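Each chain, letter by letter, is given below.
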Amino acid sequence: MMSTLQFLGSTAGRWARIIAGLTLVALTVVLGGWWWILAVLGAVFIAAGSFDFCLLAPLFGKPLQGPDFRKTHTS
């Protein structure tokens, strides 16, 4: 799990969250109906990548903010 957190804290991980969020929003537009729930999840992913925070990090005792996470993270 720590390698996953390390990836999510990296620049590539930020872009992966943004792209995953955009994909979920696009899927919602195509499917319509009750699939709007995916758009909400997608918006969270987009926000997490754009504003550089990781919601999983505090669950493992790491800082929420990306810069703080990268500063204190040791492999």
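Bear in mind the structure is a predicted one, so any value in this text is a computation, not a measurement.

Turning to the overall build of the protein chain, a few remarks are in order. Looking only at helices and strands, the protein chain features four helices and zero strands. Shown N-terminal to C-terminal, the secondary structure of the protein chain runs as helices and strands in the order α-α-α-α. Principal-axis analysis of the C-alpha atoms gives the protein chain an extent of 45 × 20 × 20 Å. Within the protein chain, the proportion of its 75 residues that are buried is 28%. As presented, the protein chain carries roughly 4,900 Å² of accessible surface, and 75% of it is formed by carbon and sulfur atoms.

Here we come to helix α2 (residues 11-31). For α2, spanning 21 residues, the distance from its first C-alpha to its last is 30 Å, which sits close to the expected 30 Å at 1.5 Å a residue. Among all positions in α2, only Gly-13, Arg-17, Ile-18, Gly-21, Leu-24 and Thr-28 are buried. Buried residues of α2 fall within an arc of 145° about the axis and therefore sit on the same side. Counted as exposed and oriented over 90 degrees from the buried face of α2: Thr-11, Trp-15, Ile-19, Val-29 and Val-30. Next to the buried residues of α2 lie α1 (2-9) and α3 (36-50). Taken from the residues just after α2, Gly-32 is the one with a positive phi, measuring 65°.

A few words now on the nonpolar core. One finds Leu-5, Leu-8, Cys-54, Ala-57 and Phe-69 forming the largest nonpolar core, which totals five residues. Apart from residues lying up to four places away in sequence, Phe-69 is in contact with Leu-5, Gln-6, Gly-9, Ala-57, Lys-62 and Pro-63.

Now for the packing of aromatic side chains. Under the definition given, this model contains one aromatic pair. Look at Trp-34 and Trp-36: their rings are 6.4 Å apart centre to centre, the planes differ by 40°, and that puts the pair in the tilted class. Using a relative accessible area of 44% as the deciding quantity, one classes Trp-36 as partly exposed.

About the cut-offs
- Residues numbered from 1 in each chain as written.
- Predicted model: local features only at pLDDT ≥ 70, side-chain atom pairs only at ≥ 80, totals over all residues.
- Heavy atoms only, no water.
- Helix = DSSP H or I, 4+ residues; strand = E, 2+ residues; numbered from the N terminus.
- Buried < 20%, exposed > 50% of the residue type's maximum accessible area, 1.4 Å probe, protein only.
- Areas by Shrake-Rupley, 256 points an atom, 1.4 Å probe, with all protein chains shown as cover.
- Expected span 1.5 Å × (residues − 1).
- Arc of directions from axis to C-beta.
- Contact = heavy atoms within 4.5 Å.
- Core = buried A, V, L, I, M, F, W, Y, C linked by side-chain atoms within 4.5 Å.
- Phe/Tyr/Trp six-rings, centres within 6.5 Å; stacked < 30°, edge-to-face > 60°.

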